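Geometric and topological summary
Listed here are the chains, written in short residue letters.
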Amino acid sequence: MSSAWQFYISSVLIYLGVDIMACWGLNLQFGYAGLVNFSFIVFQAAGAYTAAVLTLGRPGPASIQQYLGGAHWPFPLPVLAAGAVGALLAAGVGAIGLRRLRSDYEAMVMLVVSLIATSIATNQTNLVNGANGLDLVPKPLAGVLHVSALSYQWFYVAMTAVVCVLVFLLVTLITGSPLGRSLRAMRENERAAAALGRNVTGLRMLAFVVGGGIAGISGAILVMFISAWSPGSWLYPETFVFFTALIVGGSGNNMGAVVGAVLVPVAFLEATRFLPQFGPPGFIDAVQWIAIGLLALVFLWFWPRGVVPERRRRFPRARSQPAATGGGRLEQNSP
Amino acid sequence: MTSLYAGLIDGVLTGAVYALMAAGLTLIFGVMDIINIAQGVFVVLAAYLSYVLAVHFGIDLFVGILFTMPALFLVGIAVDWAFIRRLPARDRTTMSILVTYAVAIIVEGVLTVIFSVNYVQLRAWYVTRSFHLLGFYLPYIYVFGFGMAVVLMAAIYLMLYRTRFGRSIRASLQNRQAARLIGINVDRVSTLTFGIGVAVTAAGGMVFGATTAFNPNSGYDLISRLLSIVILGGLGSMAGAMVAAISMLMVEDVVASVWSPLWSEVVFFAALVLVLTLRPQGLFGRSFSRAQ
Amino acid sequence: MKGHLKQLLAAGVMAGLMGVALAACGGSSSGSKPIVIGISLSLSGDFSADGQAYQRGYELWANYVNSHGGILGRQVKLDILSDASSPTQVDTNYTKLISLDHVNLVFGPFSTLLTVPSSEIAHRYGYAFVEGAGGAPAAFAKGLNNIFDVSLPVADYMVPLVNWIKSLPASERPKTAAYPTSNDPFTEPVIEKAKDLLQAAGVKTVYSQVFPAEDTDYSPIAQDVAATKADIVVLGSVDVPTVSAFMEAFEQDHYSPKAFVAAAGPDQGSAFVSAVGAAETDGVMVPGGWSGTYQNAQSKAMVKRYIAKYGGTPAGVNADVAEAYSVGQVVDQAVTHNKSLSNAKIIKYLHSGVILSSVQGPVQFNAKGENGRAVGFIFQWQGTSGTEFKQVLPTSDPSSVKILFPKPYWGN
């Protein structure tokens, strides 16, 4: 394989790893806990900024980029800090936005959170360098490894894979345990779950905060690879891509999230990148977004449970009335 | 001090127009559980329609609304028929965001092909002129726009509270299922609501286009303001939209004048967060009428 | 069973879509060997108006070159990706262009904001980075050896204006000035320098505020400026809607400064006129290195071809077109001289102090990569037709016509 192809494929694999992590994070919130978090990309962005600022060092007075703080932390620490910041931010946003609002109202509040975050990051230029964003983020361990650019690419792929596995363990720790069952119960019928003694508010917060932390970690891995980050990279429509991925892949199960990440952000968007430029300027950009919207619609229409549907839970005595995935929520959303 | 008063006056005048655009959004959201991300681009579409009428047919901007409102009503009905009513019941709100975003991109793309990305602005004698009142220059366009917004908001209010159709809308707004049970054709009400919600952007779009140079991308910045107004005002509330829009514009204008333009949005957002902390349902929202 | 069928279908749809995409990819490569030039432009998003003008400039140049035998006997092919005005996307685009598409050369994107990250990518791969729209100090702050800006260095934009104000007799000289500026790496240096110089010359600063670049409502800011009744307004704008919003609010407040200069916007030709209205343009000034009426043989020829293709008048040609065109011309001269596409040789040649020609006039790069030969002008829209875009400063330049001062009232 030529080095260009290796370069390209390794880049795509890194993006894939980042997208899979993000989909797991959103799946925990949306698929398991039923939280309609339309500000998901903000938590990824927060992680990315954190990792960037903690590796770039303090900005000098004449530096071309100005930002708050700044440090030279050694490699795994910025990633962990990014996860912590994502989780903390989620705790803050969750405290205001998740106070048992109607789920559709919640969606709108979260969307506005995304818009507010973009506006603040853009206009408060001394925070994270405004619209110009942060640039020249150093590559982790590049100074220690002394390998060729291509070998480093593959090293980064391996590192992303390791982080992915760790995130997966964290996610299954929650979804595979009784906690996961409580989350699903709450998603299907919040009142019933509360009546059965589940701490609904606590459960929602847990899913939101862990999801936010995972988003933060994915942002750190992404920014250390592309080495630049700006408000233009995390506009609110980016969240739509992850939602579409979950809808296409099948929400409420971690394999579905993986399939969604493979199909939508990676395969679908990478494929359109190969299209030659045709039509009026900006046409391909627009087509991508139209396709994302229509793809979600078509899937909901024909395959509402996605490519990999959530496994039906069988309970010994309720075989004739399986606790189906969509049913409960369907009645709730249109009472 | 003068700049403070100027900010307050500006806030009221321009706020009413934003309220009108947000009213459509909040109505659609309240009745249908649909978050219409395309509302911003519909405003821009309306502004372009006014532009075409003014430039090619010499029709006055305010007279032109008589044509653009029905046109946008039809656009709304068409979008509802093609996309919205096809949304499955499951995850309807979530899906509506994804699908109306696609609609926004389609409309934006068509506008770009027809009008290019160069900025235009609506022109009329009242756009750049103003009159002097109590030491302030009041631009005619703001005053006229304010008047029109108040009239249209009153019309929507009367429609909601004084007509049979309005009762059906309010019933659907409170409880779809119950409305259906008492014989209301909820689907028809939804379609008409979407049409009306989009049609009111025609008037707002005209004033927007006369006060701002716009291009097909302009809807993007607009939607953030409209959504903020809706959640601050409270879901489905006309009065809430009015109060929220005017206070938003006032806060921003006053902060820009007395402190720094860089802080105006931040201060507004801080106020928004504060309100949501104290009243999660917004200023005028009913609490949990349809909570889970 | 039915569920499985649906799953298969779903997978099939995806596979089909990808197949189409890959086929399209395969079909695009061809047997001949043109010189491929990679460019990322903002074809959508905030800078789309400028991005598309840049595209016209680059394509106009490529068409000209191809119809005159190409470069080194090879045809030129532009590989243009859209970055949607996002700095992150611009990084990804240049990485893809260089490492995957193996383009021979790269040209710069629009605006300093996108030039800074992309010049770094090009530097990493040893590519020469010739650009026309990244003249702000931030672009040169890193001291990269591969960046070359063919246009006028941004910080000096207002210098002709300052010199002219200083030359006025004390009775005519403006006493006060307002400097509203957007927070952008392009505008802030321009406005800062103008403010410092004018203050030193005794012009009092009565308003100096930075406003967010993403604002939608400029009227309260404009009203504050109007309330100061400043003699001149130097507006740090990046685009047309900002300028138009200020002009409208000034007129609504019955305020017409003696001079109104905007850092960018009025240089966009017909795109500016259509946004603000032809009558309103009378007396509005903008700094720059080029206009469609520039008296230069190459420039006149380019404008003629531009109008033949896109219509309009010479005054209506966006200055972005000439900036992009000049990038092509400079690289063409370097490659032709070296008889090689080697980027290292291009960098060496452009740093050699050689004087090149372009539609914007002579080009000679200093050690930083700025065009030391570029001459700054102030242009002014005159009359109410929206077709008279005149060079007015410096007065010593033979092509300058008489400046309109004080500026006529809006729309007369």
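Residues numbered from 1 in each chain as written. Chains lettered and ligands numbered in written order. Predicted model: local features only at pLDDT ≥ 70, side-chain atom pairs only at ≥ 80, totals over all residues. Heavy atoms only, no water.

**Looking at the pairing of strand 7 (residues 204-211) of chain C**
Remark: a regular strand shows side chains that alternate across the two faces of the sheet. All names here are of chain C. Where strand 6 (residues 176-182) and strand 7 come together, seven bridges link them in parallel fashion. If you follow Thr181 over to strand 7, its bridge partner there is Val210. For the crossover that starts at strand 6, traverses helix 7 (residues 187-200) and ends in the parallel strand 7, the hand is right-handed. (Pairing = 2+ DSSP bridges. Helix = DSSP H or I, 4+ residues; strand = E, 2+ residues; numbered from the N terminus. Right-handed = clockwise from strand over helix to strand, strands pointing away.)

**Quick look at the interface of chain B and chain A**
Residue-level contacts link 51 residues of chain B with 52 residues of chain A. Summed over both sides, the interface between chain B and chain A buries roughly 5000 Å², with carbon and sulfur atoms accounting for 69% of that surface. Inspection of the chain B/chain A interface yields zero salt bridges. Linking chain B to chain A there are five residue pairs in polar contact (both at pLDDT 80 or more). Within the residue set of the side of chain B that touches chain A, elements represented by two or more residues are helix 4 (92-115), helix 8 (176-181), helix 10 (219-233) and helix 12 (261-278) of chain B. The residue inventory of the side of chain B that touches chain A, partitioned by class, reads 33 nonpolar, 11 polar and seven charged. (Contact = heavy atoms within 4.5 Å. Buried area = accessible area lost by both parts, 1.4 Å probe. Salt bridge = Lys/Arg side-chain N within 4 Å of Asp/Glu carboxyl O. Polar contact = N/O pair within 3.5 Å; in protein donor to acceptor, adjacent residues only side chain to side chain. Nonpolar A, V, L, I, M, F, W, Y, C, P; charged D, E, K, R; others polar.)

**What about the packing of helix 2 (residues 39-57) of chain B against helix 9 (residues 186-211) of chain B?**
Residue and element names in this part refer to chain B. Interaxial distance between helix 2 and helix 9 falls to 7 Å at its minimum, and their mutual angle equals 60°. If you check the angle between helix 2 and helix 9, you find them oblique. As for the relative orientation of helix 2 and helix 9, their crossing is right-handed in sense. Along the contact surface, helix 2 presents Gln39, Phe42, Val43, Val44, Ala46, Ala47 and Ser50, while helix 9 presents Gly197, Val198, Thr201, Ala202, Gly205, Met206, Phe208 and Gly209. Of the residues in the contact of helix 2 with helix 9, the class split is nine nonpolar, six polar and no charged. (Axes fitted to C-alpha atoms, helices over the stretch in contact; angles between N-to-C directions. Parallel < 35°, antiparallel > 145°, perpendicular 65-115°, else oblique. Left-handed = near helix turned anticlockwise from the far one by under 90°.)

**What about the confidence of the model for chain A?**
Residue and element names in this part refer to chain A. Of the residues in chain A, 86% reach a pLDDT of 70 or more, and the chain-wide mean stands at 82. Across chain A, element-level confidence peaks in helix 2 (residues 40-56) with a mean pLDDT of 95 and bottoms out in helix 14 (residues 327-333) with 36. pLDDT under 50 marks residues 317-335. Its contacts with residues more than four places away, or in other chains, come to 34 contacts. (pLDDT = per-residue confidence, 0-100.)

**A word on helix 3 (residues 61-82) of chain B**
Residue and element names in this part refer to chain B. Between the first and last C-alpha of helix 3 there are 30 Å, a value that for 22 residues agrees with the 32 Å anticipated at 1.5 Å per step. The largest bend in helix 3 comes to about 30°, at Phe67, with the proline Pro70 one to four residues further on. Among the residues of helix 3, those classed as buried are Leu61, Gly64, Ile65, Thr68, Leu72, Gly76, Val79 and Asp80. Measuring from the side-chain oxygen of the N-cap residue of helix 3 to the backbone nitrogen of Phe62 gives 2.8 Å; that N-cap residue is Asp60. (Expected span 1.5 Å × (residues − 1). Bend = angle between axes of the 7 residues up to and from the residue. Buried < 20%, exposed > 50% of the residue type's maximum accessible area, 1.4 Å probe, protein only.)

**So, the sheet that holds strand 7 of chain C**
Residue and element names in this part refer to chain C. With respect to topology, seven strands assemble into an open sheet ordered 7-6-8-9-10-11-12, the strand pairing being mixed. What marks the edges here is a single partner per strand, and that holds for strand 7 and strand 12 (389-393). The sheet shows a mean angle of 25° between the axes of neighbouring strands, taken without regard to direction. Contacts between helix 8 (residues 219-228) and the sheet are confined to strand 6, strand 7 and strand 8 (232-235), with strand 7 contributing the most and set at about 175° to the helix.

**Observations regarding the interface of chain B and chain C**
Contacts between the two partners involve 33 residues from chain B, matched on the other side by 33 residues from chain C. Broken down residue by residue, the surface that chain B buries against chain C is led by Tyr119, Thr128 and Pro261 of chain B, which jointly contribute 21%. The interface formed by chain B and chain C contains zero salt bridges. Seen at the junction of chain B and chain C, the total is 14 residue pairs in polar contact (both at pLDDT 80 or more). Elements that contribute at least two residues to the side of chain B that touches chain C include exactly helix 1 (2-32), helix 5 (125-128), strand 2 (136-139), helix 6 (140-162), helix 9, helix 10, helix 11 (238-258) and helix 12 of chain B. Of the residues that constitute the side of chain B that touches chain C, the class distribution is 17 nonpolar, 11 polar and five charged.

**A closer look at the packing of aromatic side chains**
Under the counting rule described, the total for this entry stands at 52 aromatic pairs over all chains. For the ring pair Tyr58 of chain C and Phe107 of chain C, a centre distance of 5.3 Å and an interplane angle of 35° mean the geometry is tilted. In this pair, Tyr58 of chain C is assigned in helix 2 (residues 48-67) and Phe107 of chain C in strand 3 (residues 105-107), connecting sequence segments 49 residues apart. We note that Tyr58 of chain C, like Phe107 of chain C, is buried. Within the aromatic cluster, the residues linked to one another by ring pairs are Phe30, Phe38, Tyr236, Phe240 and Phe243 of chain A together with Tyr101 and Tyr220 of chain B. The ring of Tyr310 of chain C carries the charged tip of Arg56 of chain C above its face, separated from the ring centre by 4.0 Å. Lys407 of chain C extends its terminal NZ or CZ atom over the ring of Trp410 of chain C, reaching a point 3.4 Å from the ring centre. (Phe/Tyr/Trp six-rings, centres within 6.5 Å; stacked < 30°, edge-to-face > 60°. Lys NZ or Arg CZ within 6 Å of the ring centre and 35° of its normal.)

**So, the nonpolar core**
In this structure, Phe38, Leu111, Trp229 and Trp234 of chain A together with Phe42 and Leu227 of chain B are the most contacted members of the largest nonpolar core, which totals 207 residues. Excluding residues that lie within four positions of it along the chain, Phe38 of chain A makes contacts with Ala107, Met110, Leu111, Ser114, Thr239, Phe240 and Phe243 of chain A together with Thr94, Ile97 and Leu98 of chain B. Counting residues in each nonpolar core, the second largest holds 103 residues, with Ile37, Ala133, Val284 and Val335 of chain C among its members. (Core = buried A, V, L, I, M, F, W, Y, C linked by side-chain atoms within 4.5 Å.)

**Some remarks on the state of the cysteines**
Residues and elements named next belong to chain A. Counted by the stated rule, this structure contains zero disulfides over all chains. Here Cys23 is not disulfide-linked; the sulfur of Cys164 is the nearest cysteine sulfur, at 11 Å. With relative accessibility at 0%, the residue Cys23 sits in the buried group. On the accessibility criterion, Cys164 (10% relative accessible area) is buried. (Disulfide = S-S within 2.5 Å.)

**As for the sheet that holds strand 4 (residues 129-131) of chain C**
Residues and elements named next belong to chain C. Ordered in space as 2-1-3-4-5, the five strands form an open sheet in which the pairing is parallel. Of all the strands in the sheet, just strand 2 (76-82) and strand 5 (147-149) have a single pairing partner and so form its edges. Direction aside, neighbouring strands of the sheet carry axes that sit 25° apart on average. Note: strand 4 against strand 5, three bridges, orientation parallel. Paired with Val130 across the strands is Phe148, a residue of strand 5. Its contacts with the sheet place helix 2 against strand 1 (35-41), strand 2 and strand 3, and it is angled at close to 165° to strand 2. Running over the sheet, helix 12 (residues 319-338) touches strand 3 and strand 4 and is turned about 155° from strand 3.

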